[in-house]
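Chain residues, written in single-letter form:
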Amino acid sequence: MTAAIIITICTLLLIAYIFDLTSSRTKVPSVILLLCLGWLVQQLSELLEVKLPDLQPLLPILGTIGLVLIVLEGSLELEFNKTKIPFITKSFAIALIPILLLSFLLAYLFMYFGGYSFKDSLLNAIPFAVISSSIAIPSVRDQSAENREFIIYESSLSDIIGILFFNFIAFNKTIDLISFGNFGLQLLIIAVVSFVATIGLSFLLSKIDHHIKFAPIVILVILIYEVSKIYNLPALLFILLFGLFLGNLDELKRFKWIDKLKPNELNIEIHKFKELIVEATFLIRALFFLLFGYLMQTAEILNSATFKWALIIVAAIFIVRAILLRIFKFPMAPLVYVAPRGLINILLFLSIVPEKMIGLVNKSLVIQVVFLTAIIMMIGLIATKKPVIENAET
């Protein structure tokens, strides 16, 4: 039995790797293929009467680790300097505004048609308003450098803002000046924690001579993230700042204290660290979506009762996105299509305590929104002409 499970997992991961290799050519998001593959495994296990233990508790664990690695991978690729500030500001606005607009719009609809409290409706609406970086970032690998950079910034910031907003609503019984004051204090604390932890982890990365040096860094990053979450701190902000610091070490050489980290030697280690993060991210992301697909029920996918709500949500997502891209003068195609929902949305949905869940929002609705946004992104990327390669390096 153990050997069969190991063989199955290895086979599924190799198939997931093939999906990842071919997704840039076929434009089919690997998330759709992984979810379908997981669902097929479930059908086969039922057909062959193979009984497995309850795997549901593994889903939030894999999702949390995957979220940390995905944001870290994306932030390591970002360039940050003075010339980028206008671009980052626009990306931040396009990440923030849809979350607020969609969350309040959907909350009003849930409250009006379902008769729920506005606060509970808002908490259930937020998961649908966030772009999933776990799907968006890998899907634009063959796009122009500017489009890739925009999607990395926008989706990473969307994840962070979405989690901040979700936690703010979830952990505050009443929304008043005191709750906003506490939120500001939390941001200040995480900023200090991020600075100290980033310098400390960078110092360890430059000083560890042992043949195992990257695993402890990754473990410490996840540990700091989880401990920060316990105290309701916006922990994902630390991941973003840590990745930006390592990815832009050359920009910081003008500060004398950076010399203590031996930046030239550290850059070599950072390059190796990036490779490890990319590999680890692929494994965790593939396992998460395979497991989620395995736990899906056919009735949940084909639930007609939630499908009309899924269409309303998806329509609102892309209408708001098109308007904002036009206002901020970003190219419509293919960016307008790249607004997928995925890992972060599932995680936020699973984070809603049972007494705060509303009847209109359930697993079926989340699955359908994930599928629909991924399919629209796939069609949009296929229909959009491949960007002209400007130079050999690009």
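Residues numbered from 1 in each chain as written. Predicted model: local features only at pLDDT ≥ 70, side-chain atom pairs only at ≥ 80, totals over all residues. Heavy atoms only, no water.

Engineer: Before we move on, could you go through the packing of helix H7 (residues 145-171) against helix H10 (residues 235-247) and cite the residues and values that matter?
Structural biologist: Where H7 meets H10, the closest approach of the two axes is 9 Å, and the angle between their N-to-C directions is 150°. Taken together, H7 and H10 sit at an angle that is classed as roughly antiparallel. Mapping the contact onto sequence places Tyr153, Leu157, Asp159, Ile160 and Ile163 in H7 and Leu236, Leu237, Leu240 and Leu244 in H10. (Axes fitted to C-alpha atoms, helices over the stretch in contact; angles between N-to-C directions. Helix = DSSP H or I, 4+ residues; strand = E, 2+ residues; numbered from the N terminus. Parallel < 35°, antiparallel > 145°, perpendicular 65-115°, else oblique. Contact = heavy atoms within 4.5 Å.)

Engineer: Please give an account of empty space enclosed by the protein that cites residues and values.
Structural biologist: Tallied over the entire structure, the rule returns three cavities of 30 Å³ or more. Its boundaries defined by the atoms lining it, the largest cavity holds a volume of some 190 Å³. What lines the largest cavity is a set of 17 residues, among which Ser23, Pro29, Ser30, Pro138 and Ser139 lie closest to the centre. Mapped by element, the contributors of at least two residues to the lining of the largest cavity are helix H1 (2-26), helix H2 (30-47), helix H6 (133-139) and helix H11 (263-295). A per-element tally of the lining of the largest cavity places H6 first, with four residues. Of the residues contributing to the lining of the largest cavity, the split by class is seven nonpolar, five polar and five charged. In this structure, the second largest cavity occupies an estimated 90 Å³ of space. Lining the second largest cavity are 13 residues, with Pro98, Ile131, Glu154, Arg321 and Arg341 sitting closest to its centre. Put simply, the parts of the chain that give the lining of the second largest cavity at least two residues each are helix H4 (85-114), H7 and helix H13 (304-327). (1 Å grid on protein atoms, 1.4 Å probe; cavity = no way out; pocket = protein on both sides within 12 Å on 5 of 7 lines; lining within 4 Å. Points joined across faces, edges and corners; volume = space filled by probe spheres on them. Nonpolar A, V, L, I, M, F, W, Y, C, P; charged D, E, K, R; others polar.)

Engineer: Describe unusual backbone geometry, with residues and values.
Structural biologist: A cis amide bond links Ala333 with the next residue in sequence, Pro334, at an omega value of 5°. By the secondary structure assignment, Pro334 is in the loop between H13 and helix H14 (343-351). In this structure, Glu49 is a non-glycine residue whose phi angle is positive, near 60°. Position of Glu49 relative to the elements: it lies in the loop between H2 and helix H3 (58-76). The class of Glu49 is exposed, set by a relative accessible area of 68%. Although it is not a glycine, Lys329 sits at a positive phi angle of roughly 60°. Looking at the element boundaries, Lys329 is found in the loop between H13 and H14. (Buried < 20%, exposed > 50% of the residue type's maximum accessible area, 1.4 Å probe, protein only.)

Engineer: If you had to explain the side chain of Ser103 to someone new, which residues and values would you point to?
Structural biologist: Position of Ser103 relative to the elements: it lies in helix H4. A distance of 2.5 Å separates a polar atom in the side chain of Ser103 from the backbone oxygen of Ile99. When sequence neighbours within four positions are dropped, the list of residues in contact with Ser103 reads Pro98, Leu122, Ala125, Ile126, Ala129 and Phe165. (Polar contact = N/O pair within 3.5 Å; in protein donor to acceptor, adjacent residues only side chain to side chain.)

Engineer: Give a description of H13 that names residues and reports values.
Structural biologist: Over its 24 residues, H13 extends 35 Å from the first C-alpha to the last, a length consistent with the 34 Å expected when each residue adds 1.5 Å. Along its buried surface, H13 packs onto H4, helix H5 (118-129), H7 and helix H15 (363-383). In this structure Asn303 caps H13, since a side-chain oxygen of it lies 3.0 Å from the backbone nitrogen of Ala305. Positive backbone phi, approximately 60°, marks Lys329, located one or two places after H13. (Expected span 1.5 Å × (residues − 1).)

Engineer: With reference to specific residues and values, describe the nonpolar core.
Structural biologist: Nonpolar side chains in soluble globular proteins generally cluster together in the buried interior. Counting 127 residues, the largest nonpolar core has Leu67, Phe110, Ile239, Phe242, Phe273 and Phe289 as the members making the most contacts within it. Dropping the residues within four chain positions of it, Phe289 is found in contact with Val31, Leu34, Leu35, Ser134, Ile135, Gly342, Leu343 and Ile346. (Core = buried A, V, L, I, M, F, W, Y, C linked by side-chain atoms within 4.5 Å.)

Engineer: Lay out a nonpolar patch on the surface with the relevant residues and their values.
Structural biologist: A cluster of nonpolar side chains, contributed by Leu185, Leu188, Ile189, Val192, Phe195, Val196, Phe255 and Trp257, occupies part of the molecular surface with about 770 Å² of accessible area. For Val196, the location among the structural elements is in helix H8 (residues 177-207). Relative accessible area serves as the criterion here: at 53%, Val196 is assigned to the exposed category. (Patch = residues over 30% accessible without salt bridge, like charges linked within 9 Å, V, L, I, M, F, W, Y side chains within 5 Å. Areas by Shrake-Rupley, 256 points an atom, 1.4 Å probe, with all protein chains shown as cover. Salt bridge = Lys/Arg side-chain N within 4 Å of Asp/Glu carboxyl O.)

Engineer: Tell me what's going on with the environment of Leu106, and back it up with residues and numbers.
Structural biologist: If you trace the backbone, Leu106 turns up in helix H4. Each C-alpha atom, one on Leu106 and one on Asn124, is 8.8 Å from the other, the two residues being 18 residues apart in sequence. Those residues in contact with Leu106 that lie beyond four places of it in its chain are Ala125, Phe128 and Ile313.

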